[in-house]
Amino acid sequence: MELKALIFDVDGTLAETERDGHRVAFNRAFAEAGLPWHWDVDLYRELLLIGGGKERVLGYARAADPVFASAPDIDERIRALHAEKTRHYLALLAEGAIPLRPGVATLMRAAHAAGLRLAIATTTTPENITALLPPDLMTLVECVGAGDVVPAKKPAPDVYEYVLRTMDLPATACLAFEDSRIGLDAANGAGIAAVITPTDDTRHLDFGPALARLPSLEGVGVDQLHRWHAQAYLHCAR
Ligand code: XBP
Ligand code: MG
């Protein structure tokens, strides 16, 4: 099976959106709702082990604010809080606060020009992606698996399986790009090999099963993609 598609994670991989984007937006939403919660950088690093914003808020509330977590309308309260968080996040992006990581745009353009299909597999909310990616890159993306399109978020493989189904591709025709261990496990769980570009929030994690680990995608060209692909599935029965 030859390489046919690249599947990109969003947060952390396309841009370093977590610490100065999502985290700040969550804190703004908490303050606005009158909640005495504040997620500092160290706490947020731990909370990133929970994929998905709504799931992250619920996981935190269960540990730190059991009264809030046991409210009968907890799901609705989290949905409302999260909608406000998304509004704050989009406002931060609109200020131009968060650039793409080095090499991302170049690689997406080169891969597309070489005939590779591009997709996204993320736990984040769909409107966050169109706000982050410039329109000329967004049009190159054929399939977006995002947010609640699947009920189980990363590290579950579901969002990657959704992308494979939608694009009618086997895992062995794809490479994934991730920044986190939950993302790596999600891709691998769907049978897709992943290249990892960690961030300051994930570089301490064990990326043993990764196909490669790099500081960024800068300098990665199409030839390298084909070398990785050959290496990935040579030893893989799937
Ligand atoms: C990372 C996440 C997301 C964001 C917040 O997603 O876990 O939850 O932190 O996004 P990715 P929402 O798979 O792109 O790394 O609040 O919109 O869920
Ligand atoms: Mg990520």
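Residues numbered from 1 in each chain as written. Chains lettered and ligands numbered in written order. Predicted model: local features only at pLDDT ≥ 70, side-chain atom pairs only at ≥ 80, totals over all residues. Heavy atoms only, no water.

Draft legend 1. Layout of the overall build of the chain. The number of helices and strands found in the chain is 11 helices and 6 strands. Considered along the principal axes of its C-alpha atoms, the chain spans approximately 55 × 35 × 30 Å. For the chain, the residues scored as buried account for 55% of the 238 residues in total. Accessible area for the chain stands at about 10,500 Å²; split by element, carbon and sulfur atoms hold 54% of it. (Helix = DSSP H or I, 4+ residues; strand = E, 2+ residues; numbered from the N terminus. Buried < 20%, exposed > 50% of the residue type's maximum accessible area, 1.4 Å probe, protein only. Areas by Shrake-Rupley, 256 points an atom, 1.4 Å probe, with all protein chains shown as cover.)

Draft legend 2. The sheet that holds strand β2 (residues 117–121), seen in detail. An order of β3-β2-β1-β4-β5-β6 is seen for the 6 strands of this open sheet, with the pairing classed as parallel. Edge positions in the open sheet fall to β3 (141–145) and β6 (212–213), since each of these has one partner strand only. Alignment of β2 against β3, held across 4 bridges, turns out to be parallel. The residue bridging Ala121 from the neighbouring strand is Gly145, located in β3. Those strands touched by helix α10 (residues 181–189) are β4 (174–178) and β5 (193–196), and its axis lies near 160 degrees from that of β5. (Pairing = 2+ DSSP bridges. Contact = heavy atoms within 4.5 Å. Axes fitted to C-alpha atoms, helices over the stretch in contact; angles between N-to-C directions.)

Draft legend 3. Geometry of the packing of helix α3 (residues 53–64) against helix α5 (residues 74–94). The interhelical angle for the contact between α3 and α5, taken along N-to-C directions, is 125 degrees, at an axis separation of 10 Å. The orientation of α3 with respect to α5, classified from their angle, is oblique. Here α3 and α5 pass one another in a crossing that is right-handed. Together, Gly53, Lys54, Val57 and Leu58 of α3 and Ile74, Ile78, Arg79, Leu81 and His82 of α5 make up the contact between the two elements. (Parallel < 35°, antiparallel > 145°, perpendicular 65-115°, else oblique. Left-handed = near helix turned anticlockwise from the far one by under 90°.)

Draft legend 4. Spatial organisation of the site of ligand 1. Around ligand 1, the structure places 19 residues, and the nearest of them are Arg56, His82, Lys85, Thr122 and Thr125. The side chain of Glu18 places a nitrogen or oxygen atom 2.8 Å from an oxygen atom of ligand 1. Side-chain polar atom of Thr122 to an oxygen atom of ligand 1: 2.6 Å apart, as the coordinates give it. Looking at the shell around ligand 1, the elements that each hand over two or more residues are α1 (18–32), α3 and α5. For the shell around ligand 1, the element with the most residues is α1, which contributes 3 residues. Classifying every residue of the shell around ligand 1 by side-chain character gives 3 nonpolar, 10 polar and 6 charged. (Near = heavy atom within 4 Å. Polar contact = N/O pair within 3.5 Å; in protein donor to acceptor, adjacent residues only side chain to side chain. Nonpolar A, V, L, I, M, F, W, Y, C, P; charged D, E, K, R; others polar.)

Draft legend 5. Main features of α10. Among all positions of α10, only Ile182, Gly183, Leu184, Ala186 and Ala187 are buried. In this fold, the buried residues of α10 make contact with α9 (158–167), β4 and β5. At the N-terminal end of α10, a side-chain oxygen is found 3.0 Å from the backbone nitrogen of Gly183, two or three residues along, and the residue is Ser180. Two residues or fewer after α10 comes Gly191, characterised by a positive phi angle close to 85 degrees.

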